[in-house]
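A closer look at the structure
Read off the chains here:
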Amino acid sequence: MSLHRGVAVIHLYTGPTLSASEPALAAPDLRVLPPARHGDLFDTAIGAGDTVVLIDGVYHQAPALRHKEILAVMGRGVTVVGAASIGALRAAELGPYGMVGVGSIYTAYVRGDIEGDDEVAVGQAPDGGFAALTWPLVNLRHVLDLAVDAEILDSVRAAGLLAGLRAVYYAQRTGAAVRAVCRRAGEEEFTRWLTRQREQDPHFGDLKRTDALAAVRAALAGTAAPSAVTGLPVGETTYFRRWSNAAVRERVDGVELSTEDRVVYQQVFDPAFRTRWAACFEHLSRHPAGGEPGMPLAVRLARATGGHLSADQVFHPVLDLRDARTVALLLAGESAADRRAVARYAEVLASARRSQPGFCADAVRDDLARDLLLRVWGCSQEELDAQASARGLVRAAGAVEAAKRLVPGFLEESKRTEAAHAGC
């Protein structure tokens, strides 16, 4: 039963992202609540026909809101919208079940450009006022992009700053910490520029706030309707698919190899993979996962804003490496030598894990993976996004993350080659 006797209510969970003084939060039938935590969605004031807008949530200082709580409230006929912070992450995970995502941060999670809650997490004031004390990484990424557009930084310097800022623990990424990272990098001009922009507009670069307000407006306008969900087996969330892909293995030439490793190797090293990805992209457009209608890619593009967007902006297929046809298209150019290389690279990675407790591919530095891609693809830093998209890696950030598993093996082979040449 809704809060106001049959009138649909919007229940907004926010804290650090939207201040209580935001004019948009004064709308009638908008119930503003603190950041969501475990148990909040069992509130009997939330009834069928209502909308929950999930922006912020706690997870460090109290039990976090569970996925199944969101699924349960949707099952009661409640529309759940997520944006900006933990809402964007949960919407990306539960989109196949009907949770609605709004904004560029949500889109970045869906595309795989960003991962993990540390991207949106902030340190909060302990006084119960929920004010943010630190910069979330997504806002810093956005500010650096704006600085590149304003020609304050070039893309290489921006990437270096992002790596430095990313290395700071989220709860310690204060304004002072941001300035210190910039000072160590010799980027005082960027700091001065950012200070001026923030003096003129206190919300400058606040991508989380922009997305949160967009979600509130969509809920108030009644345009945040869940899409039809059909044919998706229970458990097929984005992250479940990612885990299942990592688990697919096949015995090839007497050696058990990870199919995901083989695909990534082709994406990075096969010079003809752009053609193979185009064929796979067409296949995925005609046979998408999750019950979405299939159609030729050209038709899909024509239907999207008159065909003015590129294919990767319109369609973001999720690879399912359990699908034999998809794998066959992705590995169409694989040779026996490629498979032997994948096995060698996997062994180098396994050896590093054995000799360095706690080591994993994610620990490989971004700049090493980026250098590998620039060297193999023979392109500039500015061309990385386009090169990654043409190989099914979406953007440079996704390509860098994927290539990290190849870095130890690539460096090992490079050393052997250099040593062999030196001995000649």
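I will try to describe carefully the structure that is included in this document. This one's a predicted model, so the numbers in the text were calculated from it and none came from an experiment.

1. Thoughts on the environment of Glu347
In this fold, Glu347 is placed in helix 15 (residues 336-355). The partly exposed category is assigned to Glu347, whose relative accessible area is 43%. In the structure, Glu347 is positioned 62 residues away from Gly409 in sequence and 8.1 Å away in space, judged by C-alpha atoms.

2. A word on the nonpolar core
Of all hydrophobic cores here, the largest spans 29 residues; its most connected members are Leu372, Leu373, Trp377 and Leu406. Broken down by secondary-structure element, the contributors of at least two residues to this core are helix 10 (259-269), helix 15, helix 16 (366-377), helix 17 (384-390), helix 18 (396-403) and helix 19 (407-423). Counting residues in hydrophobic clusters, the runner-up holds 28 residues, among them Ala88, Ala91, Leu94 and Met99.

3. Brief notes about the sheet that holds strand 2 (residues 30-33)
Spatially, 5 strands are ordered 2-1-3-4-5 in an open sheet, and the strand pairing comes out parallel. Each of the sheet's edge strands pairs with one partner strand only, and the pair in question is strand 2 and strand 5 (100-102). On average, adjacent strands in this sheet sit at an angle of 20° to one another, irrespective of strand direction. Across 4 bridges, strand 1 (residues 10-13) lies against strand 3 (residues 51-54) in parallel orientation. When the sheet's bridge partners are listed, Leu12 is paired in strand 3 with Val53. Relative to the sheet, helix 2 (residues 86-94) contacts strand 3, strand 4 (79-83) and strand 5, its axis offset from that of strand 4 by approximately 120°.

4. As for unusual backbone geometry
The phi dihedral of Asp29 is positive, around 65°, even though this residue is not glycine. Structurally, Asp29 is set in the loop between strand 1 and strand 2. A positive phi angle, close to 70°, is found at Val394, a residue other than glycine. Here Val394 is to be found in the loop between helix 17 and helix 18. A residue is classified by how much of its surface remains accessible, and Val394, at 25% relative accessible area, is partly exposed.

5. So, the side chain of Asn245
Within the element layout of this structure, Asn245 appears in helix 9 (residues 238-247). Of note is the side chain of Asn245, whose polar atom sits 2.9 Å from the backbone nitrogen of Leu321. Those residues in contact with Asn245 that sit more than four places away from it in its chain are Glu260, Leu319, Asp320 and Leu321.

6. Looking at the packing of helix 10 against helix 15
Contact pair helix 10 / helix 15: the axes reach a minimum separation of 10 Å and the direction vectors enclose 110°. Considering the angle they form, helix 10 stands roughly perpendicular to helix 15. When the axes of helix 10 and helix 15 are compared, the crossing they make is right-handed. Residues Asp261, Arg262, Tyr265, Gln266 and Phe269 of helix 10 touch helix 15, and the partners they reach there are Asp338, Arg339, Ala341, Val342, Tyr345 and Ala346. Looking at side-chain class alone, the contact of helix 10 with helix 15 contains 6 nonpolar, 1 polar and 4 charged residues.

7. Quick notes on helix 5 (residues 155-166)
Spanning 12 residues, helix 5 covers 16 Å between terminal C-alpha atoms, matching the ideal 16 Å at 1.5 Å per step. Residues of helix 5 that are buried: Ala158, Ala159, Leu161, Leu162 and Leu165. Seen from one end, helix 5 has its buried residues packed into an arc of 165°, which puts them on one side. Against the buried residues of helix 5 lie helix 4 (137-149), helix 6 (175-184), helix 7 (188-200) and helix 16. Between the side-chain oxygen at the start of helix 5 and the backbone nitrogen of Val156 there is a gap of 3.2 Å, and the oxygen is on Asp154.

8. Structural notes on the pattern of salt bridges
Counted under the stated rule, the structure contains 25 salt bridges. Ionic pairing is found between Glu413 and Arg344, a salt bridge with its closest N-O pair at 2.7 Å. Of this pair, Glu413 sits in helix 19 while Arg344 sits in helix 15, and the two are 69 residues apart along the sequence. When its relative accessible area of 39% is taken as the criterion, Arg344 is described as partly exposed. For Arg395, the salt bridge goes to Asp385, with nearest N and O atoms at 3.9 Å.

9. Examining the packing of helix 4 against helix 5
Interhelical geometry of helix 4 versus helix 5 gives an angle of 165° and a closest axis separation of 10 Å. Classified by the angle between their axes, helix 4 and helix 5 sit roughly antiparallel to one another. The element helix 4 and its partner helix 5 pack so that their crossing is right-handed. Contacts between helix 4 and helix 5 involve Leu137, Leu140, Arg141, Leu144 and Val148 from the former and Ser155, Ala158, Leu161, Leu162, Leu165 and Arg166 from the latter.

10. Quick word on the side chain of Arg391
With respect to the secondary-structure elements, Arg391 resides in the loop between helix 17 and helix 18. Although Arg391 is buried, it forms no salt bridge, and the closest oppositely charged side chain is Asp270 at an N-O distance of 8.0 Å. For Arg391, the side chain forms a polar contact with the side chain of Gln387, separated by 2.6 Å. If we skip the residues at most four places from it in the chain, Arg391 touches Gln267, Phe273, Arg274, Trp277 and Trp377.

The rules behind each value
- Counting restarts for each chain: residues are numbered from 1 in the order of the written sequence.
- At least 70 in pLDDT is required for a residue's local features to be given in this predicted model, at least 80 for side-chain atom pairs to be given and counted, and no such filter applies to totals for whole chains, interfaces and linings, which use all residues.
- Think of the side-chain values as coming from all heavy atoms in the structure, minus any hydrogens and water.
- Put simply, DSSP H or I for four residues or longer makes a helix, DSSP E for two residues or longer makes a strand, and each gets a number counted from the N terminus.
- Any residue under 20% of the maximum accessible area for its type is buried, any over 50% is exposed, and the rest in between are partly exposed; the area is computed with a 1.4 Å probe on protein chains only.
- Take the buried Ala, Val, Leu, Ile, Met, Phe, Trp, Tyr and Cys residues and link them wherever side-chain atoms come within 4.5 Å; each set so joined is a nonpolar core.
- In short, DSSP must find at least two bridges between two strands for them to pair.
- An axis is simply a line fitted to the C-alpha atoms; with a helix, the fit covers only the stretch in contact. Between two such axes, the angle follows the N-to-C directions and lies from 0 to 180 degrees.
- Should any heavy atoms of two residues lie within 4.5 Å, those residues are counted as being in contact.
- A 3.5 Å cut-off defines polar contacts: any pair of N or O atoms within that distance qualifies, except that in protein one atom must be a possible hydrogen donor and the other a possible acceptor, and neighbouring residues in sequence count only when both atoms are side-chain atoms.
- By the definition adopted for this analysis, an angle is roughly parallel if under 35 degrees, roughly antiparallel if over 145, roughly perpendicular if from 65 to 115, and oblique otherwise.
- Two helices cross in a left-handed way if the nearer one is turned anticlockwise from the farther one by less than a right angle. They cross in a right-handed way if the turn is clockwise.
- Throughout, the ten residues Ala, Val, Leu, Ile, Met, Phe, Trp, Tyr, Cys and Pro are labelled nonpolar, Asp, Glu, Lys and Arg are labelled charged, and all others, Gly among them, are labelled polar.
- Multiplying 1.5 Å by the residue count of a helix minus one yields the expected span of that helix.
- What the arc measures is the spread of directions leading from the helix axis to the C-beta atoms.
- Salt bridge criterion: a side-chain nitrogen from Lys or Arg within 4 Å of a carboxyl oxygen from Asp or Glu.
- Charge assignment in this entry is limited to Lys and Arg as positive and Asp and Glu as negative, and neither His nor the chain termini are counted.

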